[in-house]
Amino acid sequence: MAEHEELPAGAGQDAIDELTGIRQSIDNIDAALIHMLAERFKFTQQVGRLKAKHGLPPADPARELQQIQRLRALAEEARLDPGFAEKFLNFIVAEVIHHHVRLAGGQAASGDEQGPGAAIGVEPDSAIGAPAPATGVVADSAIGAPAPAAQASATTAPTAPAPAASAPTTSAPTAPASDPAS
Ligand SMILES: O=C(O)C(=O)C[C@]1(C(=O)O)C=C[C@@H](O)C=C1
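Given the structure is predicted, the values throughout are model-derived calculations rather than measurements.

Enquirer: What is the right way to read helix α3 (residues 82–103) from this model?
Expert: Within an α-helix, residues lying three or four positions from one another point in the same direction, as the helix has 3.6 residues per turn. With 22 residues, α3 should cover 32 Å at 1.5 Å per step; its first-to-last C-alpha distance of 31 Å lies within 8% of that length. Where α3 starts, the residue carrying a side-chain oxygen 3.0 Å from the main-chain nitrogen of glycine 83 turns out to be aspartate 81. Positive phi appears at glycine 105, one or two residues downstream of α3, with a value of about 90°.

Rendered as structure tokens:
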């Protein structure tokens, strides 16, 4: 079958069954991640509306720094690369800030916008993480390893090497290749 093409010709049925079982677990986790992200974006949308209503700035660098520090610590406990955890958060936050900016009636925060409709899933016009090429985020060796990653660098592109800054930049979210419309 096509889905097993990548297996060595000599792979036995036991190996195929084991692989299939592991992939089922991976698929379950991926589904959970999508649902969790969708829930997160529902809440950040509430925040965006609140901020827009009260004229608050879309980005909050101090809050992001707290989040980064917290997630890096959690990642270390979980034996996940803290640098990856930070980049993952930055990737998401960059998207959120895009949404906040749009909710506030401003232009997108950076020049990476694409056409209309390129967006997420919370609402028809607010799809996060629209169709975009996979970023491959980190090298295989980085995941799960207690790697000494960069310090906080909020809202930087997930594919960019995180600079060893100690404070979030929260400048224009240039990260995702996708166009998060809100
Ligand atoms: O907490 C906020 O103020 C938010 O707008 C949410 C959020 C986030 O996604 O967690 C996004 C942007 C801010 O810079 C900080 C945090």
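Enquirer: I tried to follow the packing of helix α2 (residues 61–77) against α3 on my own but got confused; where do I start?
Expert: The description of two helices packed together rests on the angle between their axes and the distance between the axes. Direction vectors running N to C along α2 and α3 enclose 145°, while the axes themselves pass 8 Å from each other. The chirality of how α2 crosses α3 is right-handed. For the pair α2 and α3, contact is made by Glu64, Gln67, Ile68, Leu71, Arg72, Ala75 and Glu76 and by Pro82, Gly83, Ala85, Glu86, Leu89, Asn90, Val93 and Ile97, respectively. Here the contact of α2 with α3 is built from residues that sort into eight nonpolar, three polar and four charged.

Enquirer: Just checking my understanding: could you explain the site of the ligand for this structure?
Expert: Around the ligand, 14 residues are found, and the nearest of them are Lys51, Asp60, Glu64, Gln67 and His100. In this structure, lysine 51 approaches the ligand through a side-chain N or O atom, which is 2.7 Å from an oxygen atom. Within the contact set of the ligand, an oxygen atom lies 2.7 Å away from a side-chain nitrogen or oxygen of histidine 100. A total of 350 Å² of accessible area belongs to the ligand in isolation, and the protein chains cover 90% of it. Judged by its atoms lying within 2 Å of the grid points, the ligand is housed in the second largest pocket. For the shell around the ligand, the class distribution of residues is six nonpolar, three polar and five charged.

Conventions we followed
- Residues numbered from 1 in each chain as written.
- Predicted model: local features only at pLDDT ≥ 70, side-chain atom pairs only at ≥ 80, totals over all residues.
- Heavy atoms only, no water.
- Helix = DSSP H or I, 4+ residues; strand = E, 2+ residues; numbered from the N terminus.
- Expected span 1.5 Å × (residues − 1).
- Polar contact = N/O pair within 3.5 Å; in protein donor to acceptor, adjacent residues only side chain to side chain.
- Axes fitted to C-alpha atoms, helices over the stretch in contact; angles between N-to-C directions.
- Left-handed = near helix turned anticlockwise from the far one by under 90°.
- Contact = heavy atoms within 4.5 Å.
- Nonpolar A, V, L, I, M, F, W, Y, C, P; charged D, E, K, R; others polar.
- Near = heavy atom within 4 Å.
- Areas by Shrake-Rupley, 256 points an atom, 1.4 Å probe, with all protein chains shown as cover.
- 1 Å grid on protein atoms, 1.4 Å probe; cavity = no way out; pocket = protein on both sides within 12 Å on 5 of 7 lines; lining within 4 Å.
- Sits in = over half its atoms within 2 Å of the grid points.

Remember that the coordinates give geometry; whether it matters functionally is a separate question.
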